Amino acid sequence: MALQLGQVAPDFRQESTLGIIEFHNWLGNSWGVLFSHPKDFTPVCTTELGEVARLNPEWKKRNVKVIGLSVDPIDAHHKWETDIKETQGHAVDFPMLADSDEKVARLYGMIHPECDATITVRSVFVVDPSKKIRLILTYPPSSGRNFHEILRSIDSLQLTDNNSVATPVNWTPGEDVVISPKLSKEEAERKFPQGYRELKPYLRMVSLKK
C-alpha cells in the first residue's frame, strides 16, 4: 500500500555519504525532509542538491534535517558532490543515502512501476518530530523541485500545529490565516482577542502578528 499522510514514516538503516543512518534515531526531535533523485550525475537534480545546500540556514531555522537518496553506490555520490560544488557553488552538507539495494526506495514506494527498477521517482516526504508523514510530493524528471514551496509548506505545518488555524491559498508567513471551523464564535473570540474578520461563518480571517 502507498504511504499516507499521518502514518508513521517507515524506519530504516542504510549507508549514506555521512555514515550509516538509522532514520528515526537520526531525526531525533527534528523535522525531516527525505527526497529522492533518479540517478547521480543528472542535470536537474544537480541544481536541486546545490539549492538544498544553499538553504542550510533556512532548514536550521525551522529545526529541519534534510536527507537525499539515490540507488547509486556511495562512491558515485562522493564524485557527484564534487560536481555539485563546482557547478552550483555550494558543497553538499547533508547525507545522501546510497540505496543500492533499493531497500528505502521500495519501502517508501519510490520505484516507478513502469520504469527501469534502478530509477527512483523524484519524491519528497516531510516528516514531523513524532515521525509522522505530513506532506508527500512527487515530481516528473523534467521539472525541478521548488524548495521554497517546501519551506513554505513546513512553515504552514509548524504554524498550524501550534494554533487552531489553517493557511489559505498562496499564504506566506506573516499573512492572515483562517480560523478553524471547529472553533465556536465564543471560542474564537477568546482565542483571538485581537479580533478577526468573518467573511462567512465558516471563513474567518485573523492576523497572528504580535
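Above this text you will find the structure in question.
Residues numbered from 1 in each chain as written. Predicted model: local features only at pLDDT ≥ 70, side-chain atom pairs only at ≥ 80, totals over all residues. Heavy atoms only, no water.

A.B. asks: If you had to explain the pattern of salt bridges to someone new, which residues and values would you point to?
C.D. replies: All told, the structure shown has 14 salt bridges when counted by the stated rule. Note that Arg122 is salt-bridged to Glu48, the shortest N-O span being 2.3 Å. Taken as a pair, Arg122 in strand 6 (residues 122-127) and Glu48 in helix 2 (residues 43-54) lie far apart in primary sequence, 74 residues in all. Across the pair Glu149 and Arg152 runs a salt bridge whose closest N-O atoms are separated by 2.8 Å. (Salt bridge = Lys/Arg side-chain N within 4 Å of Asp/Glu carboxyl O. Helix = DSSP H or I, 4+ residues; strand = E, 2+ residues; numbered from the N terminus.)

A.B. asks: Summarise the packing of helix 2 against helix 4 (residues 74-88); cite the residues concerned and give the values.
C.D. replies: Running from N to C, helix 2 and helix 4 cross one another at 75°; their axes reach a closest spacing of 9 Å. What the angle tells us is that helix 2 and helix 4 run roughly perpendicular. Seen from helix 2, the contacting residues are Cys45, Thr46, Thr47, Leu49 and Gly50; seen from helix 4, they are Trp80, Ile84, Thr87 and Gln88. Along the lines of polarity and charge, the residues of the contact of helix 2 with helix 4 split into 4 nonpolar, 5 polar and no charged. (Axes fitted to C-alpha atoms, helices over the stretch in contact; angles between N-to-C directions. Parallel < 35°, antiparallel > 145°, perpendicular 65-115°, else oblique. Contact = heavy atoms within 4.5 Å. Nonpolar A, V, L, I, M, F, W, Y, C, P; charged D, E, K, R; others polar.)

A.B. asks: Describe in detail unusual backbone geometry, supporting the description with residues and values.
C.D. replies: The phi dihedral of Glu102 is positive, around 65°, even though this residue is not glycine. With a phi angle near 60°, Asn170 is a residue other than glycine that sits in the positive phi range. Looking at the element boundaries, Asn170 is found in the loop between strand 8 (165-166) and strand 9 (177-179).

A.B. asks: Hey, could you go over the sheet that holds strand 10 (residues 197-200) for me, with residue numbers and the actual values?
C.D. replies: If you walk across this open sheet you meet the 4 strands as 8-9-11-10, and the pairing is antiparallel. Two strands in the sheet have a free side with no partner beyond their single neighbour: strand 8 and strand 10. Pairing geometry for strand 9 and strand 11 (residues 203-206), over 2 bridges, is antiparallel. Residue pairing across strands places Val178 opposite Met205, the latter belonging to strand 11. (Pairing = 2+ DSSP bridges.)

A.B. asks: I'd like to hear about the packing of aromatic side chains, residue by residue, with values.
C.D. replies: Aromatic ring pairs: the centre-centre distance and the angle between the two ring planes describe each pair. A full pass over the atoms with the stated rule returns 8 aromatic pairs. Each ring, one from Phe12 and one from Phe23, has its centre 4.7 Å from the other, and the planes form 10°; the classification is stacked. Placement of Phe12 in the segment before strand 1 (13-14) and of Phe23 in helix 1 (residues 23-27) is noted, with a sequence separation of 11 residues between them. Ring centres of Phe35 and Phe94 lie 6.0 Å apart, and the angle between their planes is 50°; on these two criteria the pair is classed as tilted. (Phe/Tyr/Trp six-rings, centres within 6.5 Å; stacked < 30°, edge-to-face > 60°.)

None of the figures reported here should be taken as evidence of function without further support.
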